[in-house]
Amino acid sequence: MASKAKKIAALVDYAANECAEAGIRFELRNTASVGDRWTGGFFSEEDRELVVAAKMEDFEQFVAHELCHVKQWQDGVHKCDDAYDDWWKWLSGEKFLDPATVITYTRMVSLCEMDCEKRTVKLLEQFGLLGQKSRREYVKTANAYILCHEIARMQGRWPVAGRTPMEIEKIWGLLPSKFIKDVGRVPDDFLAATLSSCY
């Protein structure tokens, strides 16, 4: 049986090859975060690049997640880039959006992330990087990430960096180990815990 390090190396090689074939620049950056927001990775359709922070814990999950955004783009599913950009600009106060547009964009981004997370689970399982327990935990944190967009919309800002609900087990642990059905409905206990610990 291959070690975890070998499985991660195989995933990274696969991601690099897939990106090369798609004309996407692939970079593992020797940092703990990347981009203009504290994040473990990103895919930019406009700049044709996929960048992941190699010093981030479980960085292989970010490689898989961002590669799945590339796959969405190739499949014509990744159509939320403009909405995502405008949503983040609204969240940071750089752009005005009317409330109905904010709700629409939040749902678009959340559904795009939901599709990406489902693909990510399959990809990580394909490379033997998710066991039964880690799969349950991954889906719970993915649900937290997806719902975090709705809470950010309500609050008008993203949670404090380093204290997001995806990073606090007592918060993400409240969520189901199967993917949520409604990206716009935040469970009361999860909402209360997120507001008290992450804002």
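Right above here is the structure, for reference.
Definitions and limits used
- Residues numbered from 1 in each chain as written.
- Predicted model: local features only at pLDDT ≥ 70, side-chain atom pairs only at ≥ 80, totals over all residues.
- Heavy atoms only, no water.
- Core = buried A, V, L, I, M, F, W, Y, C linked by side-chain atoms within 4.5 Å.
- Buried < 20%, exposed > 50% of the residue type's maximum accessible area, 1.4 Å probe, protein only.
- Helix = DSSP H or I, 4+ residues; strand = E, 2+ residues; numbered from the N terminus.
- Contact = heavy atoms within 4.5 Å.
- Polar contact = N/O pair within 3.5 Å; in protein donor to acceptor, adjacent residues only side chain to side chain.
- Phe/Tyr/Trp six-rings, centres within 6.5 Å; stacked < 30°, edge-to-face > 60°.

Caption draft 1: The nonpolar core, seen in detail. Membership of the largest hydrophobic core comes to 61 residues, with the highest contact counts inside it found for L11, I24 and F190. When residues of this core are assigned to their parent elements, the largest contribution, nine residues, is made by helix α5 (residues 132–155). Contacts of I24, omitting those with residues within four sequence positions, involve C19, F43, R48, E49, L50, V70 and W73.

Caption draft 2: Quick look at helix α3 (residues 81–91). By the criterion of burial, α3 is predominantly enclosed, with eight of the 11 residues buried. Listing the buried residues of α3 in full gives D81, A83, Y84, D86, W87, W88, W90 and L91. Positive phi shows up at G93, right after α3, with a value of about 85°.

Caption draft 3: Geometry of the side chain of T120. Its place among the elements puts T120 in helix α4 (residues 99–126). Among the residues examined, T120 registers a relative accessible area of 0% and is labelled buried. A distance of 2.8 Å separates a polar atom in the side chain of T120 from the backbone oxygen of C116. Those residues in contact with T120 that lie beyond four places of it in its chain are Q61, A64, H65, C68 and Y138.

Caption draft 4: Up close: the side chain of H69. Mapped onto the elements of the fold, H69 is located in helix α2 (residues 59–75). Reaching out from H69, the side chain makes a polar contact with the side chain of E113 at a distance of 3.3 Å.

Caption draft 5: Structural detail: the environment of E137. By the element assignment, E137 lies in helix α5. Sequence-wise, E137 and F26 are 111 residues apart; in three dimensions their C-alpha atoms are separated by 27 Å.

Caption draft 6: Structural detail: the packing of aromatic side chains. One pass over the full model with this rule turns up eight aromatic pairs. Ring geometry for F43 versus W73: centroids 5.8 Å apart, planes at 55°, classification tilted. Remark: W73 occurs in helix α2 and F43 occurs in strand β2 (residues 41–44); sequence separation between them is 30 residues. When sorted by exposure, F43 lands in the same class as W73, which is buried. Taken together, the ring pairs in this structure connect Y84, W87, W88, Y145 and W158 into an aromatic cluster.

Shape is all these values report; function is a separate question.
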